[in-house]
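# Report on the structure
Here's the letter readout for the chains.
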Amino acid sequence: MSDFLARLAAIVGPQHLLTNDIDTAPYTLDWRRRYQGVPLAVARPGSTAKVSEVVKLCRAHKVAIVPQGGNTSTCGAATPDGSGRQLVLALRRLNAIRHVDTDNNALTVEAGVTLLEAQQAAEAAGRLFPLSLASQGTCQIGGNLSTNAGGVAVLRYGTMRELTLGLEAVLPDGRVLNQLQGLRKDTTGLDLKQLFIGAEGQLGLITAATLKLYPLPSAHATAMVGVDDIETAIDWLNRLRHRFGDRLTAFEVMDASCQQVLRRHHPSLMPFSAPWLILIELSDGGDPAPLNDALVEWLSVQTMADGVVSQNETERRKLWTLREEISESQRKDGPSIKHDIAVPTSALPRLVRDCAADLDQAFPGVRIVAFGHAGDGNLHYNVSYTRPGNADLFDDEDAVNAIVYDHVYRLGGTLAAEHGVGQLKKDWLARYKDPLALELMRTIKAALDPDGLMNPGKWL
Ligand SMILES: Cc1cc2nc3c(=O)[nH]c(=O)nc-3n(C[C@H](O)[C@H](O)[C@H](O)COP(=O)(O)OP(=O)(O)OC[C@H]3O[C@@H](n4cnc5c(N)ncnc54)[C@H](O)[C@@H]3O)c2cc1C
């Protein structure tokens, strides 16, 4: 191994090869602090050519690679195992904004650019890159692509899959696939970029991407309203869509327990209280006033428990801060059994009711914290308490998961809507995913990565 490390240092530069425990520590623990790995080393290459050289070297020495972006995965997708034999490949030094192409509404960035930096590059050119997540200051474009990230504007703009025009990727044998053309139409065979999106680094390393840009909206109308139940929330979603079409950009919900968590950690920000809160945002070009008036007018004839429409950008930011602080507040609040589930939006009310009833029967007094992108049928459905005297909540994780996922799949849903599978959900995926779909994925994996060196131990 010392020959391998010496050659690796020669490729990336000695200062970019980390081998001692203190230097590697930030790369070995996942965001939720559930998965702690022991890496062989952490390498930080500075260009696509260097990534390619590192991959070729790893292949020659049969060293497994764990790609890592911002390490904000909530399912242990970017952390190495405990063997001390996996190399973490951190992509942050690939941080160039290669091209802002306003003529074609396209942005080409390297994989280590943070989501926030990509958004800022677009905005400086008078455009919008619409992917938006609470982790955007830290997560990177390569990680966003590899998890097919979603966030709060999927309702209007889609996930990373829909937002990507082209990719550059280093294959498991070290060759570089360049598909950065940025064409909006191309029917010359398979769309290979889609193979790498959502692959959690198991088919190769993404080194750059060409992303779609949109006109920068000049008008926003944002409201936080309380309703009595999830049925009403979904009814509102349908009627808002009908009234405002694709100007409806975000539709987020939070249940009462989620509001309590926020109240504990942000008492001054959290004046609302209702069985369910909905955060609604419309956006458009032109003058903001008519859009705001239209939302106020629509809301004025609805029945609601509580509500406010933001009157300026500061008030709008406050409403969004509340939404963005949920994950961090929950982390401070203690452990929870997390689910990132999605069903057709029409099935959300049934999921919420039936799941809660069955969980409560199995664990009387169970505490569920539910929030998320209801406009996409996606809920973060977290269980933070199961029974008295249970020293370790995770003792009940399998029983809780079985109840939740049985309901999700009965309703035609998925157990990983946007956070990916990683280490956390891989056994559950094997249980619920269509066996033929899994077999096809394994065939593709074996064809591209016959030695199984790309992020082993994760979803495939
Ligand atoms: C507070 C908070 C809020 C969040 N909100 C959302 C949300 O609303 N929507 C959402 O979708 N997610 C959300 N997430 C989850 C997370 O931020 C996303 O999954 C994000 O896309 C991960 O990006 P990352 O750069 O941190 O990737 P990492 O965690 O570093 O890696 C994720 C996966 O991608 C692989 N990978 C990383 N870079 C590359 C690359 N260049 N090439 C190949 N493989 C690579 C890794 O091996 C791993 O499998 C949230 C997380 C937090 C902490």
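All residue numbers refer to positions counted from 1 along the written sequence of the respective chain. Residues qualify for local features only when their pLDDT is at least 70, as the model is predicted, and side-chain atom pairs are given and counted only at 80 or more; totals for whole chains, interfaces and linings, by contrast, use all residues. Hydrogens and waters are ignored; side-chain quantities use all the structure's heavy atoms.

Our working definition: UniProt positions are given in the numbering used here, feature names are shortened, and annotations may be inferred rather than shown by experiment.
The protein carries the name FAD-binding oxidoreductase in an unreviewed UniProt entry, which gives Chromobacterium piscinae as its organism. Within the UniProt record for the protein, the comment given under Sequence similarities (unreviewed entry) is "Belongs to the FAD-binding oxidoreductase/transferase type 4 family."

## Some details on the sheet that holds strand β5 (residues 97-101)
Think of a sheet as strands paired side by side through backbone hydrogen bonds, with each pair either parallel or antiparallel. Our working rule: Strand pairing requires that DSSP identify at least two bridges connecting the strands. Going along the chain from the N terminus, every DSSP run of H or I of four or more residues is numbered as a helix, and every run of E of two or more is numbered as a strand. Only the stretch in contact is used when a helix axis is fitted, and all axes are lines through C-alpha atoms; the angle between N-to-C directions ranges over 0 to 180 degrees.
The five strands are arranged β5-β6-β10-β8-β9 in an open sheet whose pairing can be described as antiparallel. Whereas interior strands pair on both sides, the edge strands pair on one side only; in this sheet they are β5 and β9 (176-179). Going from strand to strand, the sheet's axes swing by 10 degrees on average, the running direction of each strand aside. The pairing of β5 with strand β6 (residues 106-110) spans four bridges and is classified as antiparallel.

## Details of the site of the ligand
Just so we agree on the cut-off: Proximity is defined per residue: if any heavy atom of the residue lies within 4 Å of a molecule or strand, that residue is considered near it. Polar contacts, as used here, are pairs of N or O atoms within 3.5 Å; protein pairs need one atom able to donate a hydrogen and one able to accept it. Residues neighboring in sequence count only if both atoms are side-chain atoms. All accessibility values rest on the Shrake-Rupley procedure with a 1.4 Å probe; residue burial counts only the protein chains present in the view.
Among the 35 residues in the neighbourhood of the ligand, the closest are listed as P67, G69, G70, T72 and S135. One nitrogen or oxygen atom from the main chain of A77 is found 3.1 Å from an oxygen atom belonging to the ligand. Contact between the ligand and I206: a nitrogen atom at 2.9 Å from a main-chain N or O atom of the residue. When the ligand is considered free in solution it has 970 Å² of accessible area, and contact with the protein chains removes 97% of it.

## With respect to the packing of aromatic side chains
To keep it simple, the criterion reads: Note on aromatic pairs: the rings of Phe, Tyr and Trp (six-membered ring only in Trp) are paired at centre separations within 6.5 Å, and the planes decide the class, stacked below 30 degrees, edge-to-face beyond 60, tilted for the rest. Buried, partly exposed and exposed residues are distinguished by accessible area as a fraction of the type maximum, computed with a 1.4 Å probe on protein chains only: under 20%, between the cut-offs, and over 50%, respectively. When the NZ atom of lysine or the CZ atom of arginine is within 6 Å of a ring's centre and also within 35 degrees of its normal, the charge is said to sit over that ring.
All told, the structure shown has six aromatic pairs when counted by the stated rule. Ring geometry for W236 versus W298: centroids 5.3 Å apart, planes at 85 degrees, classification edge-to-face. Note that W236 is positioned in helix α9 (residues 230-244) and W298 in helix α11 (residues 288-300), a separation of 62 residues in sequence. Overall, W236 belongs to the buried group, its relative accessible area being 1%. Grouped by ring-pair contacts, the aromatic residues Y405, Y409, W428 and Y432 constitute a single cluster. It is R34 that lies over the ring of F394; its NZ or CZ is 4.0 Å from the centre. Sitting over the face of the ring of W31, R331 holds its NZ or CZ atom 4.1 Å from the ring centroid.

## Notes on the sheet that holds strand β1 (residues 17-18)
For clarity, the threshold we go by: Contacts were defined at the residue level, with two residues in contact if any of their heavy atoms lie within 4.5 Å.
An order of β1-β2-β4-β3 is seen for the four strands of this open sheet, with the pairing classed as mixed. Each edge of the open sheet carries a strand with a single partner, namely β1 and β3 (64-68). Contacts from helix α3 (residues 48-61) reach β3 and β4 (86-90) within the one sheet, and its direction differs from that of β4 by about 175 degrees.

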